[in-house]
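# Descriptive analysis of the structure
As a plain string of letters, each chain reads:
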Amino acid sequence: MNIAKESGWLHKFHLLYGASGQVFRAPGRVNLIGEHTDYNDGLVMPAAIEFYTWIAVAPRDDRRLVIHSTNFPDSIEVDLQADEPSPRSHWTDYVVGVAVMLGRAGHRLRGANLLVHGEVPIGAGLSSSAAIEVAAGLALLGVSGLAMQRADLAKLCQRAENEFVGARCGIMDQFISCCGRAEHAVLLDCRSLDYRLLLLPDEVCLVICNTMVKHELASSEYNARRAECEEGVRRLSRVLPHVRALRDVSSNDLERYAASLPETIYRRCRHVVTENERVTDAARSLERGDLPAFGKLMYDSHLSLRDDYQVSCAELDLMVDLARGLAGVFGARMTGGGFGGCTINLVRTQAVPEFQRDMASAYEKATGLAPQIITTAAAEGAGEVQK
Ligand code: GLA
C-alpha cells in the first residue's frame, strides 16, 4: 500500500505526539445490489472503494486513549482503567465504541495515541462510519499486539454501532470494509456470513454519483422499515412456521399469504423477497459476463426501493433516470440506506469521461447542485499500511 499521499496528515501525528506510529486503513463501500436485505438475513453484493479512513496509532505507558482527527477540531481522552465510558454523540463514539466492545469481548487493550484521517465522504451513504470503526478496531488490536478473525471484527464493529453509537445498521458495511477484495464484488450471505468473490470485468467501472442531499428522515425511516420487516415476519411465521426472517420467504409464499398482510407490510416484504432473488440472479449474470442482464437487475432494484420500500427520493430518482439516457451505462440504482446519498452506476470504461460530464451538467441543470462523481475500482479490505 502506498503511503506517499498520506504523509501530509502523518506529519500532524508527529506534531501531536512527538513520535511516529503504525498506520492502518479501512475502506468505505458501495453496494452493487441487495439493499435493505442485510438486516433480513438476506444477500448483498457490496464492493470496497478506494476511499479510506486512516488511523495512525502509537502505544502509551498509561491506559488512556487520546483520540484526535484531521477532520474535526475537537479531541478526546478516555481512561480504559476507569468505568466503561458512555457515548457522547460525538465523532469519537465510533472509536470509543469499538474500544468498549473489544473490552467487553475480553481483549485487554493498551493505552494509545491515535490520529484519525478520514477521506470517505461523510453522510453520503458510503459507510464512513464502518470505515472508522474497522480502522479503529485494527489500530487498537495492533497497538496491543492482539488479533482477531476478520468476520469477528466486522461483527464487533457492528455491535459498536448498534449498541454504543445507537444506529441499528446491519452487517454489510463493516463486513465489506474488513473483507473486501481488489477487483471483486462480494456476494455475502448475511445470515451465515459465507461469501463468494465475483470478479468485476475490466471493461466496466463503478461510478458513484453523489446527489449532495441527505434528507432528515433517513435514520427514523430506516428504523421504521426494520420494524415493518419484523412485523411481516411475525405475521408470516404464523402460517409459515419455518420463517425466522424475510430471508426464509419465497415469492410464491408471499403471494399465497399476501392477504394476511396489511398493504404497506406486504410491499415492504415484496421488496426484500424480490431483492434477494435479484441478488442471486445478478451474481449469475456477472459470472457469465452478462452485463446487460446485471444492469437490468440494478434498475429493477431501484424501482422496487422507490415504489415498494419507499426509501428513494426525487434526487436519487432523477440521477437514475438521467443514467438511463446516457451512453455506455449498463445499470444504475440508489445505493445504501436511501433518502439521499449516492447512486451506483455500472459504466463501460471508455464511456466514463463522457458519462461524468453529461451526468454532472444534467443534474446540476435540474437541481442547481453540482454532484460529486467518483470513479473507483473495487478495493482491498482493511489492513496495516507499511511505510
Ligand atoms: C445502511 C446500513 C446497512 C444496510 C443499508 C441498506 O447502509 O448501514 O447495514 O442496511 O443501509 O442496504
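Refer to the structure printed above.
Residues numbered from 1 in each chain as written. Predicted model: local features only at pLDDT ≥ 70, side-chain atom pairs only at ≥ 80, totals over all residues. Heavy atoms only, no water.

## Let's talk about unusual backbone geometry
A negative phi holds for most residues other than glycine; trans holds for most peptide bonds. One non-glycine residue with positive phi stands out, namely Leu-193, at about 65°. Backbone geometry at Phe-339 places phi at a positive 60°, although glycine is not the residue there. Summarising the element assignment, Phe-339 is placed in the loop between β10 (329-335) and β11 (340-348). (Helix = DSSP H or I, 4+ residues; strand = E, 2+ residues; numbered from the N terminus.)

## Considering the sheet that holds strand β3 (residues 46-59)
Spatially, the six strands line up as an open sheet ordered β5-β4-β6-β3-β1-β13, and their pairing is mixed. Taken across any chain shown, the strands that pair with only one partner, and hence form the sheet edges, are β5 (76-79) and β13 (383-385). Across the sheet, the axes of successive neighbouring strands diverge by a mean angle of 30°, strand direction being ignored. Here strand β4 (residues 64-69) pairs with strand β6 (residues 112-118) via five bridges, running parallel. Paired with Leu-65 across the strands is Ala-112, a residue of β6. Each of β1 (22-31) and β3 is contacted by helix α5 (residues 172-179), which is oriented at about 125° to β1, the strand it contacts most. (Pairing = 2+ DSSP bridges. Axes fitted to C-alpha atoms, helices over the stretch in contact; angles between N-to-C directions. Contact = heavy atoms within 4.5 Å.)

## Brief notes about the pairing of β1
Counting buried positions along β1 yields nine of ten residues, so the element is predominantly enclosed. Pairing analysis gives nine bridges linking β1 to β3, with the strands arranged antiparallel. Within β3, the position partnered with Gln-22 by the bridge is Val-57. (Buried < 20%, exposed > 50% of the residue type's maximum accessible area, 1.4 Å probe, protein only.)

## Notes on the environment of Val-273
Inspection of the secondary structure puts Val-273 in helix α8 (residues 263-287). For Val-273, a relative accessible area of 3% corresponds to the buried category. Discounting residues that sit within four places of it in the chain, Val-273 has contacts with Leu-246, Val-249, Ser-250, Ser-251 and Leu-254.

## Section: the nonpolar core
Note that soluble globular proteins tend to have their nonpolar side chains buried in a common cluster. Among the nonpolar cores identified, the biggest contains 61 residues, and Leu-65, Ile-67, Leu-114 and Leu-140 are the most heavily contacted of them. Sorting elements by how many residues they give to this core places helix α3 (residues 128-143) first, with nine residues. For Leu-65, the contacting residues outside a window of four places in its chain are Ile-76, Glu-77, Val-78, Leu-80, Ala-99, Arg-110, Gly-111, Ala-112, Leu-114 and Leu-140. In terms of nonpolar packing, the next biggest core, distinct from the first, is built from 32 residues, Val-120, Leu-286, Leu-291 and Phe-330 among them. (Core = buried A, V, L, I, M, F, W, Y, C linked by side-chain atoms within 4.5 Å.)

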